[in-house]
Amino acid sequence: MSTPMSEPRVTLYTRTGCHLCDAAREVVVKVCEDLGESWVEIDIDADSDLADRFGEEVPATFVDGRQHDYWRVDEGRLRAALG
């Protein structure tokens, strides 16, 4: 019997061609790998509701379902939120 996978703690909302999204992804990958946390990336342009919701406020980072940051991801702040 397998253990069900838990929901990722970090969700990163991005869009293609966004240099801030690329930088945020690097921070999220590093922190989540260091802490053994799961994360997921969602392209807002693939969903018109998300594109309307976030507009130009990407990347947007959520931790445990609550908005944590947008535009930039601070590594120390993300570590603290996951700690």
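A few points on the structure. (Residues numbered from 1 in each chain as written. Predicted model: local features only at pLDDT ≥ 70, side-chain atom pairs only at ≥ 80, totals over all residues. Heavy atoms only, no water.)

Moving on, we come to helix 1 (residues 19–35). For helix 1, built from 17 residues, the straight-helix expectation of 24 Å at 1.5 Å per residue is met to within 8% by its first-to-last C-alpha distance of 25 Å. Taken together, the buried positions of helix 1 are L20, C21, A24, V27, V28, V31 and C32. Taken end-on, helix 1 shows its buried residues confined to a sector of 125 degrees, consistent with a single buried face. Residues H19, E26 and E33 are exposed on helix 1 and point more than 90 degrees away from its buried face. Following helix 1 by one or two positions, G36 has its phi on the positive side, about 70 degrees. (Helix = DSSP H or I, 4+ residues; strand = E, 2+ residues; numbered from the N terminus. Expected span 1.5 Å × (residues − 1). Buried < 20%, exposed > 50% of the residue type's maximum accessible area, 1.4 Å probe, protein only. Arc of directions from axis to C-beta.)

Two elements in contact, helix 1 and helix 3 (residues 75–82), have axes separated by 10 Å at closest approach and are oriented at 40 degrees. Considering their axes alone, helix 1 and helix 3 lie oblique with respect to each other. For helix 1 against helix 3, the interelement crossing comes out right-handed. Residue-level contacts link V27, V28, K30, V31, C32, D34 and L35 of helix 1 to E75, L78, R79 and L82 of helix 3. Here the residues of the contact of helix 1 with helix 3 sort into 7 nonpolar, no polar and 4 charged. (Axes fitted to C-alpha atoms, helices over the stretch in contact; angles between N-to-C directions. Parallel < 35°, antiparallel > 145°, perpendicular 65-115°, else oblique. Left-handed = near helix turned anticlockwise from the far one by under 90°. Contact = heavy atoms within 4.5 Å. Nonpolar A, V, L, I, M, F, W, Y, C, P; charged D, E, K, R; others polar.)

This paragraph deals with the pattern of salt bridges. Under the counting rule described, the total for this entry stands at 10 salt bridges. The shortest N-O distance in the salt bridge between E41 and R25 comes to 2.8 Å. Placement of the pair is E41 in strand 2 (residues 39–43) and R25 in helix 1, with a sequence separation of 16 residues. The partner of R79 in a salt bridge is E75, and the shortest N-O contact between them spans 3.0 Å. (Salt bridge = Lys/Arg side-chain N within 4 Å of Asp/Glu carboxyl O.)

With that out of the way, let us pick up the packing of aromatic side chains. One pass over the structure, following the stated rule, counts 4 aromatic pairs. Ring geometry for F54 and F62: centres 6.0 Å apart, planes at 90 degrees, overall edge-to-face. Residue classification places F62 among the buried residues on the basis of a relative accessible area of 8%. Pairing Y70 with W71 gives two aromatic rings, centres 4.7 Å apart and planes at 65 degrees, and the pair type is edge-to-face. Accessibility expressed as a relative area gives 37% for Y70, which makes it partly exposed. Chaining the aromatic ring pairs together yields one cluster made of Y13, F54 and F62. (Phe/Tyr/Trp six-rings, centres within 6.5 Å; stacked < 30°, edge-to-face > 60°.)

On to the sheet that holds strand 2, then. The strand order 2-1-3-4 describes an open sheet built from 4 strands, whose pairing is mixed. The sheet terminates laterally at strand 2 and strand 4 (66–70), the two strands that pair on one side only. When strand polarity is set aside, the average angle formed by the axes of neighbouring strands in this sheet is 25 degrees. In this sheet, strand 3 (residues 60–63) lies alongside strand 1 (residues 10–14) in antiparallel orientation, the contact comprising 4 bridges. When the sheet's bridge partners are listed, Y13 is paired in strand 3 with A60. Helix-sheet contacts for helix 1 involve strand 1 and strand 2, and the interaxial angle to strand 1 is about 165 degrees. Its contacts with the sheet put helix 3 on strand 1, strand 3 and strand 4, and the angle it makes with strand 4 is roughly 170 degrees. (Pairing = 2+ DSSP bridges.)

Coordinates in, geometry out; function isn't part of it.
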